Amino acid sequence: MSVEQLTPDPKFTHKGWFMLCPIKIAEPDSGAPMVAARWWFLEWWLSINEAFQASQIRVLTLIDPDYEPMWMLRITGELK
């Protein structure tokens, strides 16, 4: 099997925000939705927001080991 057959393109059905970055979302009702920047030129901005969120979660889990991290994802509607 080729890599393309193992990892098919996700079908992005919803739009929203990840911190300060506009995103598109595939499988929003799953435990781990797939996320990408809404436009290709914002991928770098999504990476910066993800790094900031990951460091924020790391600090909070160091302070409180019982902290349950949640990613700051907001779904605002369906893609048309």
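The structure presented is a predicted model; accordingly, all values stated were derived computationally and were not measured. (Residues numbered from 1 in each chain as written. Predicted model: local features only at pLDDT ≥ 70, side-chain atom pairs only at ≥ 80, totals over all residues. Heavy atoms only, no water.)

Caption draft 1: Local environment of the packing of aromatic side chains. With the rule as written, the count across this model stands at 4 aromatic pairs. Between the aromatic rings of tryptophan 39 and phenylalanine 41, the centroid separation amounts to 6.4 Å while the plane-to-plane angle is 10 degrees, which identifies the pairing as stacked. Relative accessible area serves as the criterion here: at 41%, tryptophan 39 is assigned to the partly exposed category. Looking at phenylalanine 41, the relative accessible area reads 45%, which means it is partly exposed. Arranged with centres 5.8 Å apart and planes meeting at 90 degrees, the rings of tryptophan 40 and phenylalanine 41 form a pair that is edge-to-face. Owing to a relative accessible area of 73%, tryptophan 40 belongs among the exposed residues under this scheme. An aromatic cluster is defined as three or more aromatic residues linked by ring pairs; in this entry it consists of Trp39, Trp40 and Phe41. For lysine 24, the ring lying beneath its charged end belongs to phenylalanine 12, and the centroid distance is 4.9 Å. Taking NZ or CZ as reference, arginine 38 lies 5.9 Å from the ring centre of tryptophan 17, over its face. (Phe/Tyr/Trp six-rings, centres within 6.5 Å; stacked < 30°, edge-to-face > 60°. Buried < 20%, exposed > 50% of the residue type's maximum accessible area, 1.4 Å probe, protein only. Lys NZ or Arg CZ within 6 Å of the ring centre and 35° of its normal.)

Caption draft 2: Representation of the environment of proline 22 in the model. Looking at where proline 22 falls in the secondary structure, it is placed in strand 2 (residues 21–26). The class for proline 22 is buried, based on a relative accessible area of 8%. As a C-alpha pair, proline 22 and alanine 51 span 29 residues in sequence and 16 Å in three-dimensional space. (Helix = DSSP H or I, 4+ residues; strand = E, 2+ residues; numbered from the N terminus.)

Caption draft 3: Looking closely at the sheet that holds strand 1 (residues 12–18). Here 4 strands make up an open sheet; going across it, the order is 3-2-1-4 and the pairing antiparallel. Both outer strands of the open sheet, strand 3 (34–37) and strand 4 (73–78), are each paired with one neighbouring strand and no more. Along the sheet, successive strands turn relative to each other by an average axial angle of 35 degrees, direction set aside. Where strand 1 meets strand 2, 6 bridges bridge the pair, whose relative direction is antiparallel. Pairing of phenylalanine 12 across the sheet is with alanine 26, part of strand 2. (Pairing = 2+ DSSP bridges. Axes fitted to C-alpha atoms, helices over the stretch in contact; angles between N-to-C directions.)

Caption draft 4: Molecular detail of the side chain of asparagine 49. Take asparagine 49: it is sitting in helix 2 (residues 43–63). Residue contacts for asparagine 49: discarding those within four places in its chain leaves Phe18, Met19, Leu20 and Cys21. (Contact = heavy atoms within 4.5 Å.)

Caption draft 5: How the structure looks around the pairing of strand 2. Most of strand 2 sits inside the fold, with 5 of its 6 residues counted as buried. In this antiparallel pair of consecutive strands, strand 1 and strand 2, the connection spans 2 residues, and methionine 19 shows a positive phi of 55 degrees. Sheet topology places strand 2 next to strand 3; 4 bridges connect them, and they run antiparallel. Opposite isoleucine 23, over in strand 3, you have alanine 37 as the bridge partner.

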